[in-house]
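# Summary of structural features
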Amino acid sequence: MLVKSQLMNLKPYTPAKPVERDGSEKIELVRLNSNENRHGCSPKVIEAVQQLNQDFSYYPDGLATELTNRLAEYLKVSTSQIILGAGGDEVIQIISRSVLTPGDNIVQADLTFSQYSLHAVIEGAEIRNVPLVEGTHDLVGMAAAADDRTKIIWICNPNNPTGTYINASELNSFMEKVSPNTLVVVDEAYFEYVSASDFPNTIELIETYQNLLVLRTFSKIYGLASFRIGYGIANEELISRLNIVRLPYNTARFSQVAACAALEDMEFVKFSYEQNKLGLTQLEEFFDKENIKYYKSQANFIYIVVKNSEEIAKLLENKGFIVRKFLEGIRITVGTQQDNQLLIQSMENIFVNQ
Ligand code: PMP
């Protein structure tokens, strides 16, 4: 066998289909399956990328100095507390590769972001799934599931795909219980969409807990998914170890420049946040009216609980909307107000006929 035995039962990730722009599709499909920002990105990003000089034959700055400086200033941490990756995805890979060895285990929710368990399998670690309770992480159960071989506990906050969150006091008491030898990663990919006033200030907790790492990304509210930039924040010592595993030039020059420009335009972030709040309300009102169960979301998507998810996803696709189906639910990205309105119209027809 040429590859690790644990790869034998896995299949490569099936990525979302790129948006068709050549008009070859009969209907233009609205992609509501990957939690991208349907409002695009800041015009400042487009301008910055267009103005880039064309020294394409040189490697990018492997330390992403400018972006790291700006992020450090924005987040009020030191530059040595930040690790950048080609998306949060790569930071998850770097963490797993740095921390896990065969025989270790990770603890995660049973319905959460898929990359945590994928990398655990690749590294030969065991996965301990703790069932969500009403779509929410069961932190008491997760602390109880950990033992001295637990190397990472993954908390997705807000959780993908359910959109639920754990609050500051829940996270605090959890951190008090967890062994300092277990890394707790709080994945805040959707942080900028959160409106709950009791949401944790996780970055502040890094000073108290050396075993805490916060993950964020430019792919969601900043609308830079195609550039692939995400980052982790933790104490200096941990970040310097993770940087050993990071590839030397893992973030492209275009991407570094795009992310810097995105940080300059908080108006765009605010606009996206407000549009998302309106969209969530639009969708919630519809689901309430139709008596369809959903989880209250703090993110840019909403999860409905339906047994016939496969059938409903297919019907929606026939109407031009791609959504993400799960075993007993569907996750729908909040779109523009027009997307949401058209989606609701389509769902009205579908659910009436159920
Ligand atoms: N974490 C969560 C919870 C996500 O949903 C995603 C994107 N789907 C990521 C991390 C990674 O996103 P990216 O690699 O685009 O930064």
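Remember, it's a predicted structure, so these values are computed and weren't measured experimentally. Once a new chain begins, its residue numbering starts again from 1 and follows that chain's sequence as written. Since the coordinates come from a predicted model, pLDDT governs what is reported: local features require at least 70, and pairs of side-chain atoms require 80 or more to be given and counted, while whole-chain, interface and lining totals use all residues. Calculated side-chain values reflect all of the structure's heavy atoms, with hydrogen atoms and water omitted.

Working definition: helices are DSSP H or I runs of at least four residues, strands are E runs of at least two. Numbering for both runs from the N terminus. Along its length, the protein carries 12 helices and 12 strands. The C-alpha extent of the protein, read off along each of the three principal axes, is 55 × 55 × 50 Å. Burial status across the protein gives 51% buried among its 354 residues. For this analysis, residues touch if any pair of their heavy atoms sits within 4.5 Å. Within the protein, counting contacts between residues at least 6 apart in sequence, those at least 24 apart form 72% of the total. Any residue under 20% of the maximum accessible area for its type is buried, any over 50% is exposed, and the rest in between are partly exposed; the area is computed with a 1.4 Å probe on protein chains only.

Our focus in this paragraph is helix H4 (residues 115-122). Listed as buried for H4 are Gln-115, Tyr-116, Ser-117, His-119 and Ala-120. Along its buried surface, H4 packs onto helix H3 (87-99), strand S3 (105-109), strand S4 (126-130), strand S5 (150-156) and strand S6 (183-187). Immediately beyond the C-terminal end of H4, within one or two residues, lies Gly-124, with a positive phi of roughly 80 degrees.

Another point: the site of the ligand. Whether a residue is near a molecule or strand depends on its heavy atoms: if one lies within 4 Å, it is near. Inspection of the region around the ligand gives 13 residues, with Gly-88, Asp-187, Tyr-190, Thr-217 and Ser-219 positioned closest. For the purposes of these results, a polar contact is taken to be a pair of N or O atoms within 3.5 Å, where, inside protein, one atom must be able to donate a hydrogen and its partner to accept one; residues adjacent in sequence count only when each atom of the pair is a side-chain atom. Note that an oxygen atom of the ligand is positioned 2.6 Å from one of the backbone N or O atoms of Gly-88. Here an oxygen atom of the ligand and a side-chain polar atom of Asn-160 are 2.7 Å apart. Methods summary: accessible areas were calculated by the Shrake-Rupley approach with a probe of 1.4 Å, and residue burial reflects only the protein chains presented. Summarising the interface, the protein chains cover 92% of the accessible area of the ligand, which totals 390 Å² for the free molecule. Tallying contributions element by element places H3 first for the shell around the ligand, with three residues.

Next up on the list: the pairing of S5. Regular strands show a simple pattern: their side chains alternate between the two faces of the sheet. Burial analysis of S5 places six of its seven residues in the buried class, the great majority of the element. Here S3 pairs with S5 via three bridges, running parallel. Its bridge partner being in S5, Ile-106 is matched across the sheet by Ile-152. A strand pair is defined by DSSP finding two or more bridges across the two strands. Both S5 and S6 contribute to a ladder of five bridges, which runs parallel.

Among the structural elements, Ser-272 can be located in helix H10 (residues 266-289). Residues in contact with Ser-272, not counting those within four places in the same chain, are Asn-37, Tyr-193 and Ile-221.

In this section: the domain arrangement of the protein. These domain boundaries are the output of an automatic or database domain assignment. Here the protein is partitioned into domain 1 (5-41 + 267-352) and domain 2 (48-263). Of the residues lining the interface, 27 residues belong to domain 1; the matching set on domain 2 comes to 29 residues. Buried surface at the junction of domain 1 and domain 2, summed over both partners, amounts to about 2300 Å²; 61% is from carbon and sulfur atoms. Buried area adds together the accessible area that both of two parts lose upon being put together, with accessible area traced by a 1.4 Å probe. Counting the surface domain 1 buries against domain 2, the share from its top three residues, Tyr-273, Tyr-295 and Gln-298, is 28%. For salt bridges, the criterion is a side-chain nitrogen of Lys or Arg within 4 Å of an Asp or Glu carboxyl oxygen. At the boundary of domain 1 with domain 2, the tally comes to one salt bridge. Counting across the interface, domain 1 meets domain 2 through 10 residue pairs in polar contact (both at pLDDT 80 or more).

What follows concerns the state of the cysteines. Note on terminology: disulfide describes a covalent bond linking the sulfur atoms of two cysteines. Defined by distance alone, a disulfide is two cysteine sulfur atoms within 2.5 Å. By the definition in use, this model includes zero disulfides. The closest cysteine sulfur to the non-disulfide-bonded Cys-41 is located on Cys-260, 14 Å from its own sulfur.

A few words on helix H6 (residues 168-177). Think of an α-helix as 3.6 residues a turn; residues three or four steps apart then line up on the same face. Taken residue by residue, H6 has Leu-171, Phe-174 and Met-175 as its buried positions. On an axial view of H6, the arc spanned by its buried residues comes to 100 degrees, and they lie on one face. The outward face of H6, more than 90 degrees from its buried face, is lined by the exposed residues Glu-176 and Lys-177. Tucked inside the fold, the buried residues of H6 contact helix H5 (139-145), S5, S6, helix H7 (202-205) and strand S7 (212-217). Measuring from the side-chain oxygen of the N-cap residue of H6 to the backbone nitrogen of Ser-169 gives 3.2 Å; that N-cap residue is Asn-167. This arc is taken over the directions from the axis of the helix to the C-beta atoms.

Turning to the layout of surface pockets, a few remarks are in order. Within this model, the second largest pocket holds a volume of roughly 400 Å³. Lining of the second largest pocket is provided by 16 residues; of these, Leu-75, Asn-201, Ile-203, Glu-204 and Arg-216 occupy positions nearest its centre. Counting only elements with at least two residues in the lining of the second largest pocket, the list comes to helix H2 (65-75) and H7. At three residues, H7 tops the list of elements feeding residues into the lining of the second largest pocket. When residues are sorted by character, Ala, Val, Leu, Ile, Met, Phe, Trp, Tyr, Cys and Pro go into the nonpolar class, Asp, Glu, Lys and Arg into the charged class, and all the rest, Gly among them, into the polar class. A breakdown of the residues in the lining of the second largest pocket according to their chemical character gives eight nonpolar, three polar and five charged. Using protein atoms alone on a 1 Å grid, points that fit a 1.4 Å probe yet trap it form a cavity, whereas open point sets bounded by protein on both sides within 12 Å along at least five of seven lines form a pocket; residues with an atom within 4 Å of a point count as lining. Grid points are joined across faces, edges and corners, and a volume is the space filled by probe spheres set on the points.

Applying the stated criterion across every chain yields a total of two cavities of 30 Å³ or more. Size it by volume and the second largest cavity reaches roughly 60 Å³. Lining the second largest cavity we find Glu-36, Asn-37, Arg-38, His-39, Tyr-193, Ser-272, Gln-275, Asn-276, Asn-300, Val-334 and Gly-335. Residues that form the lining of the second largest cavity fall into these classes: two nonpolar, seven polar and two charged.

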